[in-house]
Amino acid sequence: MMRECLENVRNTVPLVHNITNYVTVNDVANVLLACGGSPIMSDEAEDVEDITSVCGGLNINIGTLHKTSIEGMFRAGRKANELGHPILLDPVGAGASALRTNTALDLMRGLKLAAIRGNISEIKTLALGSGTTKGVDADVADAVTEETLDDAVAFVKGFAESAGCIIAVTGAIDLVSDGRKCYVIRNGRPEMGKITGTGCQLSGIMTAYLTANPDHPLEAAAAAVCVMGLAGEIGWSRMQEGDGNAAYRNRIIDAIYNMTGEDLEKGAIYELR
């Protein structure tokens, strides 16, 4: 199924509307092109309804909020709902400030979302209605480990069921659930955390996968997570002496560009719970 999800993206070239943050916008655009999709970036409230109308999916990322972009998120989201397009919410830094937390909660309550993707601290903030994070990074106390895995799976399943959408928690161990099943994914490298925007890039990829695989949203979301993690492994294996995190970022994007369905099937490390 993961191979099929990847090939559907390559074959259909889904057009994704991204209301994302200015820190990572270029990387999100490039990684969407690399995975086989096509990006459009627009957050101007007067522009977003027209833009999202010509796209197939909407990626909302709250990493650098301002008042006009918040209005744009809601206007684009309502138009996407009207058209039946999948919406992904990336609640970057939810728990770090009242504006981020409240905006993410309002988006979750006001729009029909297909998926929410974030680190464990951000997802807990949305599930509980409040919380704390270390900036945009997960709090160490929240980390999903082998010791906490059973509880984390139960939490993610429960939140996915109550939220009515796929919940993807990414970190050292990734969890992707629709409330009934949960993919436990162990691809990736710890060094990916040294690159700004790997999570933002994954949200773009996941939106493309959801758009291209409307009949299999859980499998599509899990495949996207495996793609990003496997690309991190492949990219790291190709690092040369003198390379650093800038080279690693590019190697990850190149690995996604060159990844085949067969590569994904062979390299994806996951179990279903």
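The following refers to the structure shown. Everything numeric in this text was worked out from a predicted model, so none of it was measured.

Notes on helix H5 (residues 98-110)
Okay, so step 1: Here H5 spans 18 Å end to end across 13 residues, near enough to the 18 Å set by a 1.5 Å rise per residue.
Okay, so step 2: Buried residues of H5: Thr-101, Thr-103, Ala-104, Leu-105, Leu-107 and Met-108, and no others.
Okay, so step 3: In the core, the buried residues of H5 are packed alongside strand S3 (57-61), helix H4 (67-83), strand S4 (87-90), strand S5 (115-118), helix H6 (120-128) and helix H7 (149-163).

What about the pairing of S5?
In summary, the side chains of a regular strand alternate between the two faces of the sheet.
Okay, so step 1: Covered by surrounding structure in S5 are Ala-115 and Arg-117 together with Ile-116 and Gly-118, the residues of both alternating faces.
Okay, so step 2: Pairing of S4 with S5 involves two bridges; the strand directions are parallel. From the neighbouring strand, Leu-89 faces S5, where its bridge partner is Ile-116.
Okay, so step 3: Since S4 and S5 lie parallel, the crossover through H5 that links them has a hand, and here it is right-handed.
Okay, so step 4: Pairing analysis gives four bridges linking S5 to strand S6 (residues 166-169), with the strands arranged parallel. Paired with Arg-117 across the two strands is Ala-168, which belongs to S6.

A few points about the sheet that holds strand S7 (residues 174-177)
Okay, so step 1: With mixed pairing, the nine strands of this open sheet are ordered in space as S2-S1-S3-S4-S5-S6-S7-S8-S9. In this open sheet, the two strands that pair with only one neighbour each are strand S2 (38-41) and strand S9 (270-272). The sheet shows a mean angle of 20° between the axes of neighbouring strands, taken without regard to direction.
Okay, so step 2: As paired elements, S7 and strand S8 (residues 182-185) share four bridges and run antiparallel to each other. Counted as the bridge partner of Val-176 is Tyr-183 from S8.

Focus: the packing of aromatic side chains
Two numbers describe a pair of aromatic rings. These are the distance of the centres and the angle of the planes.
Okay, so step 1: Counted according to the given criterion, the structure contains three aromatic pairs.
Okay, so step 2: Summarising the aromatic geometry, the rings of Tyr-183 and Tyr-270 are spaced 5.5 Å apart at their centres and angled 50° between planes, so their arrangement reads as tilted. Of the two residues, Tyr-183 sits in strand S8 while Tyr-270 sits in strand S9, which places them 87 residues apart along the sequence.
Okay, so step 3: Seen in terms of ring centroids, Trp-236 and Tyr-248 are 5.2 Å apart; in terms of plane orientation they differ by 75°. Their pairing is edge-to-face. With Trp-236 in helix H9 (residues 217-237) and Tyr-248 in helix H10 (residues 245-258), the pair connects residues that are twelve residues apart, well separated along the chain.
Okay, so step 4: Given the relative accessible area of 32%, Trp-236 is considered partly exposed.

Conventions adopted
Residues numbered from 1 in each chain as written. Predicted model: local features only at pLDDT ≥ 70, side-chain atom pairs only at ≥ 80, totals over all residues. Heavy atoms only, no water. Helix = DSSP H or I, 4+ residues; strand = E, 2+ residues; numbered from the N terminus. Expected span 1.5 Å × (residues − 1). Buried < 20%, exposed > 50% of the residue type's maximum accessible area, 1.4 Å probe, protein only. Contact = heavy atoms within 4.5 Å. Pairing = 2+ DSSP bridges. Right-handed = clockwise from strand over helix to strand, strands pointing away. Axes fitted to C-alpha atoms, helices over the stretch in contact; angles between N-to-C directions. Phe/Tyr/Trp six-rings, centres within 6.5 Å; stacked < 30°, edge-to-face > 60°.

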